[in-house]
Amino acid sequence: MASPSRHRAETARWLTASQVLGTLHRRPGITRAAMAAELQLTSGFATEITARLRDLRLLTETPAPARGRGRPTTVLRPHPEGPVVLAVDLRQEDWRHGVATIDGQVHEVRRRSHRSREPATVLAAVRHSVEANRNRYGARLRAVSLAVAGTIHDGHLVQAATLGWRSVDLTTITAGTDLPLLLGNDATLAGVAEARTGAAVAAGTALHLIVGVGIGGTLTIAGAPVTGAHGAAGEYGHLPFGDREQHCPCGARGCWDLDVDGRGLARHLGESPPADPRRYAGQVLDRCAVDPRARQAVRAVATSLGIGIAGLANIHDPDLITLGGLGPALRHAAAEAFDTAYTDGLMTLHRARPPSVVDAAHGDEGSLRGAAIVGLDHITGQSALAEWVRTLATRPGDVAPTISG
């Protein structure tokens, strides 16, 4: 039986190993020297830990580009036979998936249109992808992380209004496997991506909003989302910032969702609600330069967007606000209307130094990247790493295919 001191030393090594992998995730291609400096490790201990992680097929080291005199150092990269995560982004019109390595990069991204929006059909297609990737990567595939355009409560999808789903069991995606399924709202995960590797990296407290079919988002503090008591926080689109005469599919009246996407634009144009609000909004934005009615509708929607963001800034007091999806296009197409509405809606204490509103760095890839980040956090935790070591011990000769770029 190991002595208490030896156990403590072993625990410290695993904690440091997890921190090293987390650093690689945040800063792909970091040098060993920079990693040691960031984690305040001695050169000798950094060498020991990276050697151990190399032996465990978690990372490799390659020479860093030469930069003048001094001792050469190495760049840390994912091991070609190391663990991976399958990241999936389930949206209204399609779904995408890709394989994430421990440096946070998502490879082999594929997009698939829905043949039908029936839950059984959609989930069967996703499950087929899970099975195909499990067959390809074997024990290297450690988790499936799913972003979904819907309301998450206690780890379950309770409503996906854009898909017309209610209380759908998503666990069928990984049925018959031992893979953990990590589930998150798409807007929340996009906010995580911005906070960890995007436009909000330097912000301690950041608010992310994404306009697609409705509007959602998240508040992140030190890179972690504020998800509420049951995981359903960030449903900003269902705040009563909109027209009280409008009925939302969620069951409430006056939801902000209905004012800031293609449905709001259609109402201002006197047209029927579009079947695909995202595509419709893009078409209206394209007409702005030549169609005065389209410009007027966009100004009205941009005004609603600015007013609502001001309200959230007053509530959350963020350092920075990132805007994704159709948000940047709506804002820039009616910049004066947006800026006036945003400034006028701020409390006096915020007006001297209002939180900047910036375009999201990850654009349309935010939710998929966020799903990858959550999955990688899971598989590089201490217990998951210990399980990876046990897997190697039982399958020492198993070499799965490498990632293609």
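For the structure, check the block above.
A brief look at the structure comes next.

## Looking at the overall build of the protein
Then, in step 1: Assigned secondary structure in the protein consists of 13 helices and 15 strands.
Then, in step 2: The C-alpha atoms of the protein give 23 Å as radius of gyration, which agrees with the globular expectation for 405 residues (22 Å, within 12%).
Then, in step 3: When its C-alpha atoms are laid out on the principal axes, the protein stretches across 70 × 50 × 40 Å.
Then, in step 4: In the protein, once contacts between residues fewer than 6 apart in sequence are set aside, the share between residues at least 24 apart is 65%.
Then, in step 5: In the form shown here, the protein has an accessible surface area of approximately 18,600 Å², with 52% of it arising from carbon and sulfur atoms.

## Concerning the packing of helix H2 (residues 32-39) against helix H3 (residues 43-55)
Packed helix pairs are specified by the crossing angle of their axes together with the interaxial distance, meaning the distance between the axes.
Then, in step 1: Relative orientation of the contacting elements H2 and H3 amounts to 115 degrees, with a least axis distance of 10 Å. Judged by the angle between their axes, H2 and H3 are roughly perpendicular. The two elements H2 and H3 meet at a crossing, and its hand is right-handed. Together, Arg 32, Met 35 and Ala 36 of H2 and Ala 46, Thr 47 and Thr 50 of H3 make up the contact between the two elements.

## Regarding the pattern of salt bridges
Then, in step 1: Per the stated rule, a full pass over the model turns up 21 salt bridges.
Then, in step 2: For Asp 94, the salt bridge goes to Arg 111, with nearest N and O atoms at 2.5 Å. Residue Asp 94 is found in strand S4 (residues 94-100), and its partner Arg 111 is found in strand S5 (residues 106-113); the two are separated by 17 residues along the sequence.
Then, in step 3: A salt bridge links Arg 287 to Asp 291, with the nearest nitrogen and oxygen atoms 3.3 Å apart.
Then, in step 4: Among the charged side chains, a network of salt bridges with common partners joins Asp 89, Arg 91, Glu 93, Asp 94, Arg 96, Arg 111, Arg 278, Asp 364 and Glu 365.

## So, the sheet that holds strand S8 (residues 156-160)
Then, in step 1: Spatially, the three strands line up as an open sheet ordered S7-S8-S9, and their pairing is antiparallel. The outermost strands of the open sheet, each flanked by one partner alone, are strand S7 (151-153) and strand S9 (165-168). In this sheet, adjacent strand axes meet at a mean angle of 20 degrees when their direction is disregarded.
Then, in step 2: Relative to S8, S7 is paired through three bridges, and the arrangement is antiparallel. Looking at the pairing, His 153 lines up with His 156 of S8.

## Thoughts on the environment of Gly 270
Then, in step 1: Assignment of secondary structure puts Gly 270 in the loop between helix H6 (262-268) and helix H7 (277-287).
Then, in step 2: As a C-alpha pair, Gly 270 and Ala 17 span 253 residues in sequence and 59 Å in three-dimensional space.

## Here's the deal with unusual backbone geometry
Then, in step 1: The residue Glu 108 is not glycine, and still its phi comes out positive at about 55 degrees.
Then, in step 2: Structurally, Glu 108 can be placed in strand S5.
Then, in step 3: A positive phi is found at Asp 317, a non-glycine position, where the angle reads about 55 degrees.
Then, in step 4: One can find Asp 317 in the loop between helix H8 (292-316) and strand S14 (320-325).
Then, in step 5: Using a relative accessible area of 49% as the deciding quantity, one classes Asp 317 as partly exposed.

## Comments concerning the pairing of strand S11 (residues 205-212)
Each regular strand carries side chains that alternate between the two faces of the sheet.
Then, in step 1: With respect to burial, S11 is a largely interior element, eight of its eight residues being buried.
Then, in step 2: Of the two faces of S11, the one holding Thr 205, Leu 207, Leu 209 and Val 211 and the one holding Ala 206, His 208, Ile 210 and Gly 212 are both buried throughout.
Then, in step 3: In the sheet, S11 pairs with S14 via six bridges, with the strands oriented parallel. If you follow Ala 206 over to S14, its bridge partner there is Leu 320.

## Re the packing of aromatic side chains
Then, in step 1: Summed over the entire model, instances satisfying the criterion amount to two aromatic pairs.
Then, in step 2: A centroid spacing of 5.3 Å and a plane angle of 65 degrees characterise the contact between Phe 241 and Trp 256, whose relative ring orientation is edge-to-face. Of this pair, Phe 241 sits in the loop between strand S13 (224-225) and H6 while Trp 256 sits in the loop between S13 and H6; the two residues are 15 residues apart in sequence, bridging distant segments of the chain.
Then, in step 3: Taking the relative accessible area as the measure of exposure, Trp 256 reaches 0% and is therefore buried.

## Details of the pairing of S4
Then, in step 1: The element S4 is extensively covered by neighbouring structure, given that seven of its seven residues are classed as buried.
Then, in step 2: The side-chain alternation of S4 yields two buried faces, one formed by Asp 94, Arg 96, Gly 98 and Ala 100 and the other by Trp 95, His 97 and Val 99.
Then, in step 3: Relative to S4, strand S3 (residues 84-90) runs antiparallel, the two being bridged by six bridges. Residue pairing across strands places Leu 90 opposite Trp 95, the latter belonging to S4.
Then, in step 4: Taken together, S3 and the strand that follows it, S4, pair antiparallel across an intervening segment of three residues.

## Looking at the nonpolar core
Nonpolar side chains tend to gather and get buried jointly when the protein is soluble and globular.
Then, in step 1: If you look at the biggest cluster of nonpolar residues, it comprises 35 residues, and the most contacted ones within it are Leu 265, Leu 305, Ile 309 and Tyr 342.
Then, in step 2: Among the elements that make up this core, the one with the highest residue count is H8 (10 residues).
Then, in step 3: Residues in contact with Tyr 342, not counting those within four places in the same chain, are Gly 306, Ile 309, Ala 310, Ala 313, Ile 321, Pro 354, Pro 355 and Val 357.
Then, in step 4: Formed by 31 residues, the second largest nonpolar core is a distinct cluster that contains Ala 17, Leu 58, Ala 100 and Leu 368.

## A closer look at helix H4 (residues 119-137)
Then, in step 1: Along its 19 residues, H4 runs 27 Å from first to last C-alpha, staying within 8% of the 27 Å computed at 1.5 Å per residue.
Then, in step 2: Close packing links the buried residues of H4 with S3, S4, S5, strand S6 (141-148) and S9.
Then, in step 3: At the C-terminal side of H4, Gly 138 shows a positive phi close to 60 degrees.

## Things to note about the side chain of Asp 89
Then, in step 1: Take Asp 89: it is sitting in strand S3.
Then, in step 2: Take Asp 89: its relative accessible area is 1%, and that puts it in the buried class.
Then, in step 3: There is a polar contact of 2.5 Å between the side chain of Asp 89 and the side chain of Arg 96.
Then, in step 4: With sequence-adjacent residues up to four places away left out, Asp 89 is seen in contact with Asp 94, Trp 95, Arg 96, Ala 147, Asp 186, Ser 367 and Leu 368.

Cut-offs used in this document
- Residues numbered from 1 in each chain as written.
- Predicted model: local features only at pLDDT ≥ 70, side-chain atom pairs only at ≥ 80, totals over all residues.
- Heavy atoms only, no water.
- Helix = DSSP H or I, 4+ residues; strand = E, 2+ residues; numbered from the N terminus.
- Rg over C-alpha atoms; globule rule 2.2 N^0.38 Å.
- Contact = heavy atoms within 4.5 Å.
- Areas by Shrake-Rupley, 256 points an atom, 1.4 Å probe, with all protein chains shown as cover.
- Axes fitted to C-alpha atoms, helices over the stretch in contact; angles between N-to-C directions.
- Parallel < 35°, antiparallel > 145°, perpendicular 65-115°, else oblique.
- Left-handed = near helix turned anticlockwise from the far one by under 90°.
- Salt bridge = Lys/Arg side-chain N within 4 Å of Asp/Glu carboxyl O.
- Pairing = 2+ DSSP bridges.
- Buried < 20%, exposed > 50% of the residue type's maximum accessible area, 1.4 Å probe, protein only.
- Phe/Tyr/Trp six-rings, centres within 6.5 Å; stacked < 30°, edge-to-face > 60°.
- Core = buried A, V, L, I, M, F, W, Y, C linked by side-chain atoms within 4.5 Å.
- Expected span 1.5 Å × (residues − 1).
- Polar contact = N/O pair within 3.5 Å; in protein donor to acceptor, adjacent residues only side chain to side chain.

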